[in-house]
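# Coordinate inspection notes
Each chain, letter by letter, is given below.
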Amino acid sequence: MKVLVLVKEVAELAEDFEISDLVIKERYKEHVLNEWDEYAIETAVRISEERSEEVEIVSATIGPETCEETIRLALAKDVDRAIRFWDDFFSQDIVDARVRATVLEAIVDRERPDLILTGVQADDDGFGVTGVMLAERIGFQWAAVVNHLELTDDTACVRRELEGGVEEVTSIPLPAVLTIQTGINDPRYASLRGIRQAKRKEIEEMDLADLDLEPGDFAQQLERRSLVKPESESDMVRFKGDTDEVASELVEILRQRGVDA
């Protein structure tokens, strides 16, 4: 069995940052593994541990060479090998889900996985559509927002979150694409042994030519027109002093705001 896990590197912003020409400078960013994808990786690893047959776990990432550290982290968590796709054609600030799905479709055509796992969404753009869009392109069955999974030889029995606190239980045939919700498991930390082994594992690098793709195969439909900091809806008050002083100030503020203290 082969499991393909889609892994994305995302940027966490510093508490205080600046925007210049619709871009946030790199000095305000810390690049990390997308939180939702960590749960997808853990799901794949548990499938490998629980099944008697051999399971190969392959990760696929769309990103520049600077993503290698993040990819190595996935490898350190028992992913067997990794694919990293990038091309100068993609040296733009936004790569929309349609473009990603086109690249991933070509990777799936090469790898022929039995199961594809990805996080429900990415921390940076929050689109939440790449997995489903990929499933539609490759003709796989799919389930989104999965918070429980049981596999048989040819079926995935899933429980998924719906709006309003409703949960759905359904079975879909393999091959399938599942988008994994946080909370489905407890992602493991990369062990020192895993980190050492990850340095020796393969990261296959691909570009458009490797996947028999051309720039004309893509239609970028997103354009960033504005980028602003969100406005704060409330002010924070920080109290200093001993307990009596703080209590007195707090009581006064509550009275001013109409709270009977």
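Model, not experiment: these values are computed from the prediction.

Cut-offs applied
Residues numbered from 1 in each chain as written. Predicted model: local features only at pLDDT ≥ 70, side-chain atom pairs only at ≥ 80, totals over all residues. Heavy atoms only, no water. Core = buried A, V, L, I, M, F, W, Y, C linked by side-chain atoms within 4.5 Å. Buried < 20%, exposed > 50% of the residue type's maximum accessible area, 1.4 Å probe, protein only. Helix = DSSP H or I, 4+ residues; strand = E, 2+ residues; numbered from the N terminus. Patch = residues over 30% accessible without salt bridge, like charges linked within 9 Å, V, L, I, M, F, W, Y side chains within 5 Å. Areas by Shrake-Rupley, 256 points an atom, 1.4 Å probe, with all protein chains shown as cover. Salt bridge = Lys/Arg side-chain N within 4 Å of Asp/Glu carboxyl O. Lys, Arg positive; Asp, Glu negative; His and termini not counted. Charge placed at Lys NZ, Arg CZ, Asp CG, Glu CD. Pairing = 2+ DSSP bridges. 1 Å grid on protein atoms, 1.4 Å probe; cavity = no way out; pocket = protein on both sides within 12 Å on 5 of 7 lines; lining within 4 Å. Points joined across faces, edges and corners; volume = space filled by probe spheres on them. Nonpolar A, V, L, I, M, F, W, Y, C, P; charged D, E, K, R; others polar. Axes fitted to C-alpha atoms, helices over the stretch in contact; angles between N-to-C directions. Contact = heavy atoms within 4.5 Å.

Let us now look at the nonpolar core. The biggest cluster of nonpolar side chains holds 35 residues, and the ones touching the most others in it are Leu115, Leu117 and Leu178. Ranked by residues supplied to this core, first place goes to helix 1 (residues 35-50) with six residues. Membership of the second largest hydrophobic core comes to 26 residues, among which are Leu4, Phe85, Val103 and Leu104.

Together, Glu12, Glu30, Glu35 and Asp123 give the surface a local cluster of negative charge. Its location among the elements puts Asp123 in the loop between strand 8 (115-119) and helix 4 (130-138).

In this section: the pairing of strand 12 (residues 176-180). By the criterion of burial, strand 12 is predominantly enclosed, with five of the five residues buried. Of the two faces of strand 12, the one holding Ala176, Leu178 and Ile180 and the one holding Val177 and Thr179 are both buried throughout. The pairing of strand 8 with strand 12 spans five bridges and is parallel. In the strand pairing of strand 12, Leu117 is matched with Leu178. Sheet topology places strand 9 (residues 141-151) next to strand 12; four bridges connect them, and they run parallel. The residue of strand 12 that forms the bridge with Ala143 is Leu178.

If you add up the space inside the second largest pocket, you get close to 250 Å³. Of all elements in the fold, only helix 1 and strand 9 reach the threshold of two or more residues within the lining of the second largest pocket. Within the lining of the second largest pocket, the residues separate by chemical class into four nonpolar, three polar and four charged.

Moving on, we get to the sheet that holds strand 1 (residues 2-6). The strand order across the open sheet formed by nine strands is 11-10-9-12-8-1-6-7-13, and the pairing between neighbours is mixed. Each of the sheet's edge strands pairs with one partner strand only, and the pair in question is strand 11 (167-173) and strand 13 (203-206). Sheet twist, expressed as the mean angle between neighbouring strand axes with direction ignored, is 35°. Against the sheet, helix 1 makes contact with strand 1, strand 6 (56-62), strand 8, strand 9 and strand 12, and its axis sits at roughly 150° relative to strand 8, the strand it touches most. Contacting strand 1, strand 6, strand 7 (81-85), strand 8 and strand 13, helix 3 (residues 97-111) runs over the sheet at an angle of about 150° to strand 6.

Attention now goes to a nonpolar patch on the surface. Taken together, Phe127, Val129 and Leu222 make up a surface patch of nonpolar side chains, about 220 Å² in accessible area. Within the secondary structure layout, Leu222 lies in the loop between strand 13 and helix 6 (243-256).

Next up on the list: the pattern of salt bridges. With the rule as written, the count across this model stands at 20 salt bridges. For the salt bridge of Asp124 with Lys8, the shortest nitrogen-to-oxygen distance reads 3.1 Å. Here Lys8 lies in the loop between strand 1 and strand 2 (9-13) and Asp124 lies in the loop between strand 8 and helix 4, a separation of 116 residues in the sequence. Residue Asp124 is classed as partly exposed on the basis of its relative accessible area of 42%. Put simply, Asp109 and Arg112 hold a salt bridge, and the shortest N to O gap is 3.2 Å. Relative accessible area serves as the criterion here: at 60%, Arg112 is assigned to the exposed category. Here the salt bridges do not stand alone but share partners, grouping Glu42, Arg46, Glu49, Asp78 and Arg188 into one network.

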